[in-house]
Amino acid sequence: MRSLLKNKIILYHPATHHERFYSFFWIPYSLLTIASVVSDSYKVIIIDDNLKNPPIDFHSLLENCLCVGITTMTGYQIAGGLMFASQVREINSDIPIIWGGPHSTILCDLTISHPLVDIIVKGQGEYTFRQLVNRISTKQNLYGIHGILFKENNRIVQTASTKLQDKSELPLFPWHLIDIKNYIRNDENIGTKVINYVSSQGCPFKCSFCSEVALYCGQWKSYGIPRILSDIEYLVTNGGINAIKFYDANFFVNIPTVMRFSNELIDKAFGINWAASGHPKTLTNLTNEQWMVLNQSHCSRLLIGAESGSQEALKIINKDITPDMILKLAEKCSKFN
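Read on for a plain summary of the structure. (Residues numbered from 1 in each chain as written. Predicted model: local features only at pLDDT ≥ 70, side-chain atom pairs only at ≥ 80, totals over all residues. Heavy atoms only, no water.)

1. Details of the sheet that holds strand β6 (residues 148–152)
Where we set the bar: For two strands to pair, DSSP has to find at least two bridges joining them. Helix and strand definitions follow DSSP, with helices as H or I runs of at least four residues and strands as E runs of at least two, each counted in order from the N terminus. A fitted line through C-alpha atoms represents every axis, and for helices the fit uses only the stretch in contact; the resulting angles, taken between N-to-C directions, go from 0 to 180 degrees.
Strand order in this open sheet of 7 strands is β2-β1-β3-β4-β5-β6-β7, and the pairing throughout is mixed. A strand with exactly one partner marks an edge of an open sheet, and here the two such strands are β2 (43–48) and β7 (155–158). Across the sheet, the mean angle from the axis of one strand to that of its neighbour is 20°, orientation sign disregarded. By the bridge criterion, 4 bridges tie β6 to β7 in an arrangement that is antiparallel. Among the inter-strand pairings, Phe 150 is bridged to a residue of β7, identified as Val 157.

2. A closer look at the nonpolar core
Rules: In these notes, a set of buried Ala, Val, Leu, Ile, Met, Phe, Trp, Tyr and Cys residues joined through side-chain atoms within 4.5 Å is what counts as a nonpolar core. Relative accessibility under 20% of the residue-type maximum defines a buried residue, over 50% an exposed one, and the middle range a partly exposed one, all with a 1.4 Å probe and only protein chains included. Should any heavy atoms of two residues lie within 4.5 Å, those residues are considered in contact.
Grouped together as the largest cluster of nonpolar side chains are 68 residues, with contacts concentrated most on Ile 9, Ile 244, Phe 246, Phe 252, Phe 261 and Trp 274. The contacts of Ile 9, once residues within four sequence positions are left out, are Val 38, Tyr 42, Lys 43, Val 44, Ile 45, Leu 66, Cys 67, Phe 129 and Val 133. Counting 21 residues, the second-largest nonpolar core is a separate cluster that includes Tyr 12, Ile 47, Phe 84 and Leu 149.

3. Comments concerning the sheet that holds strand β13 (residues 273–278)
The sheet built from 5 strands is open, its strands ordered β8-β9-β12-β13-β14 with mixed pairing. In the strand order of this sheet, the two ends are held by β8 (185–187) and β14 (299–304), each with one partner. Strand-to-strand, the axes of this sheet are offset by a mean angle of 35°, without reference to chain direction. Here strand β9 (residues 191–197) pairs with strand β12 (residues 243–246) via 4 bridges, running parallel. Directly across from Asn 196, in β12, lies its bridge partner Lys 245.

4. A word on the pattern of salt bridges
The condition is simple: A pair is scored as a salt bridge if a Lys or Arg side-chain nitrogen falls within 4 Å of a carboxyl oxygen belonging to Asp or Glu.
For the structure on display, the rule yields 8 salt bridges. One salt bridge connects Glu 126 with Lys 167, and the closest N-O pair in it is separated by 3.2 Å. Of this pair, Glu 126 sits in helix α6 (residues 126–137) while Lys 167 is found in the loop between β7 and β8, placing the two residues 41 residues apart along the sequence. Residue Lys 167 is classed as buried on the basis of its relative accessible area of 3%. Among the salt bridges present, the one from Asp 231 reaches Arg 227, with a minimum N-O distance of 2.9 Å. With Asp 231 and Arg 227 both in helix α8 (residues 225–239), this residue pair falls 4 residues apart, about one helical turn. Arg 227 matches Asp 231 in its accessibility class, with the two residues each being buried.

5. Here's the deal with unusual backbone geometry
If you check the backbone angles, Glu 307 has positive phi at about 70° while not being a glycine. In this fold, Glu 307 is placed in the loop between β14 and α12 (311–316). One non-glycine residue, Asn 318, adopts positive backbone phi at about 60°. Looking at the element boundaries, Asn 318 is found in the loop between α12 and α13 (323–335).

6. Quick notes on the environment of Ser 262
Tracing the chain through its elements places Ser 262 in helix α9 (residues 255–268). For Ser 262, a relative accessible area of 0% translates into the label buried. Counting along the chain gives 35 residues from Ser 262 to Ser 297, while the straight-line C-alpha distance between them is 5.4 Å. Setting aside its immediate chain neighbours within four residues, Ser 262 contacts Trp 274, Val 293, Leu 294 and Ser 297.

In structure tokens:
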């Protein structure tokens, strides 16, 4: 039986100060997803530094703590993560500090070299993290866990990489670990009570500037329509929202699936608007009938990476589109509101 003396997992999301003119912050789904696979066996605490939290009593927080997980993008979040990690290390140097997220994945060699980083989880982290904390809890070595880097006897060990795995089999989000009402926003382009949602990981396109390419190598996995609709119903019922903003890297990877989702929204009459991102090449393939379905499902905004009006620039960044394609797509968006 697992010891109850050391069953707490702290998951920390440093504040995102990187967008001066975009003051919104959203539910940290990266940590909520990680929590979903371990919250049945451990006490999980999520700390989002974007919120106005009271001062942290680290001595109390770290009591009976099994490990600490920190997620960061490249940028300001690194500084916040290091400050948190230094407090943990100062109070209890035996608590493993695990880093994940885009920065740690793409620049893993640089990240693992820092003294405040004990372990890195690369790429998709749910299944890897569950194995990792179970090994830590039972004091087993970390060999054989794919997708990690760790330190042992003054050397760095890197295990085999993982592939993007099916997300439809993951447990439901442990919504009780956050207060969703802290993340509802008034976005004049979508709705008065907007919340974010992430329904998939990855993207099949190869845009050379995008971190998704480095993170997932062209792979893409979705939670699936039943799970997405279930989560939306929860957010509508418990958050009183009237709009969803999908933060998928590319929501329109599979057009038949998007159409099925849109028709389900029409049938269920949730009464919500929604917005999502899509690659221009995919969106230009939509028929007029499909555009009408999007309109009827209250898709009120599309975020489209046009990137440049120069064909030369588009070729350099491997965007796989033309300026004419962008203009025709803008006309379609206008036509279907």
